[in-house]
Amino acid sequence: EHAVAANKCFSMNLSAPFLSQFFNEPMKRVLPFCDIVFGNEDEARAFAKDFDINSTDLAEIAKKVAAMPKNNSKRSRIVIFTQGAEPAVVYMDGKVKEYPVLPIAAENIVDTNGAGDAFVGGFLAEYVKNSDIETCVRNGMHAAHMIIQVSGCSLPERQ
């Protein structure tokens, strides 16, 4: 409510496929406050199932999530679904755009835990600077690209 009253951006990460099933009502209550919704492909499809969105297509799910009731009418909702090595799906201002991920050799992938959180952090780091959406997505991808090359959720040594 504070974010809406103060016109502050509020974001939510779907976080895990089971959350929309077991915490459906709390998600329904918080979603109207969300300006940005993040998730991966599994989380998006689970959310769609649990919220009666009859599609498995990520672009269609993103469009329907963006159209759900929203309390702050001063900005439209952005929905971003990552999908591992496949392009990220971004729905913004009535349009879907896909952003290819940074290429990486399989032997350089050490641990994918934290990749989604790194993406969100990188994206938001640019978003709060009012960067354009492409820069935000690129920075999110860069952060995820970095984190999957180390074990655990730690930053690699500076070079």
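Please read these numbers as outputs of a predicted model, since none were measured by experiment.

Student: Go over the packing of helix α4 (residues 41-50) against helix α5 (residues 58-67), please, and point to the residues and values.
Tutor: Axis separation between α4 and α5 bottoms out at 10 Å; the angle between their running directions is 60°. When the axes of α4 and α5 are compared, the pair comes out oblique. As α4 packs across α5, the resulting crossing turns out to be left-handed. In contact with Glu41, Ala44, Arg45, Phe47 and Ala48 of α4, α5 contributes Leu58, Ile61 and Val65. A per-class count over the contact of α4 with α5 returns 6 nonpolar, no polar and 2 charged.

Student: Summarise the pattern of salt bridges; cite the residues concerned and give the values.
Tutor: Applying the stated criterion across every chain, the model contains 6 salt bridges. Lysine 97 serves as the salt-bridge partner of glutamate 134, at 2.8 Å between the closest nitrogen and oxygen. Residue glutamate 134 is found in helix α7 (residues 133-147), and its partner lysine 97 is found in strand β5 (residues 95-99); the two are separated by 37 residues along the sequence. For glutamate 134, a relative accessible area of 36% corresponds to the partly exposed category. Salt bridges sharing partners connect three or more residues here, namely Asp35, Lys70 and Arg75.

Student: Could you give me a rundown of the sheet that holds strand β4 (residues 86-92), with the residues and numbers involved?
Tutor: The strand order β1-β2-β3-β4-β5 describes an open sheet built from 5 strands, whose pairing is mixed. Only two strands of the sheet have a single neighbouring strand rather than two, namely β1 (11-13) and β5. Neighbouring strand axes in the sheet, compared pairwise and without regard to direction, differ in orientation by 15° on average. With 5 bridges connecting them, strand β2 (residues 36-40) and strand β3 (residues 78-83) associate as parallel partners.

Student: With reference to specific residues and values, describe the side chain of serine 20.
Tutor: Position of serine 20 among the secondary structure elements: in helix α2 (residues 19-22). Looking at serine 20, the relative accessible area reads 2%, which means it is buried. When near neighbours in sequence (up to four residues on either side) are disregarded, serine 20 contacts Met27, Ala46, Phe47, Asp50 and Phe51.

Student: Tell me what's going on with unusual backbone geometry, and back it up with residues and numbers.
Tutor: Phi at asparagine 7 takes a positive value of approximately 55°, unusual for a residue other than glycine. Following the sequence through the fold, asparagine 7 ends up in the loop between α1 (2-5) and β1. Since its relative accessible area comes to 32%, asparagine 7 is described here as partly exposed. Of note in this structure, aspartate 52 is not a glycine but carries a positive phi near 55°.

Student: Explain the packing of aromatic side chains residue by residue, including any values.
Tutor: The final tally for this structure, using the stated rule, is 6 aromatic pairs. Ring centres 6.4 Å apart and planes at 55° place the aromatic pair phenylalanine 18 and phenylalanine 22 in the tilted group. For phenylalanine 22, a relative accessible area of 57% gives the class exposed. A network of ring pairs unites the aromatic residues Phe38, Phe119, Phe123 and Tyr127 as a single cluster. A cation sits over an aromatic face here: lysine 28 above phenylalanine 51, 5.9 Å from the ring centre.

Reading the values: the criteria
- Residues numbered from 1 in each chain as written.
- Predicted model: local features only at pLDDT ≥ 70, side-chain atom pairs only at ≥ 80, totals over all residues.
- Heavy atoms only, no water.
- Axes fitted to C-alpha atoms, helices over the stretch in contact; angles between N-to-C directions.
- Helix = DSSP H or I, 4+ residues; strand = E, 2+ residues; numbered from the N terminus.
- Parallel < 35°, antiparallel > 145°, perpendicular 65-115°, else oblique.
- Left-handed = near helix turned anticlockwise from the far one by under 90°.
- Contact = heavy atoms within 4.5 Å.
- Nonpolar A, V, L, I, M, F, W, Y, C, P; charged D, E, K, R; others polar.
- Salt bridge = Lys/Arg side-chain N within 4 Å of Asp/Glu carboxyl O.
- Buried < 20%, exposed > 50% of the residue type's maximum accessible area, 1.4 Å probe, protein only.
- Pairing = 2+ DSSP bridges.
- Phe/Tyr/Trp six-rings, centres within 6.5 Å; stacked < 30°, edge-to-face > 60°.
- Lys NZ or Arg CZ within 6 Å of the ring centre and 35° of its normal.

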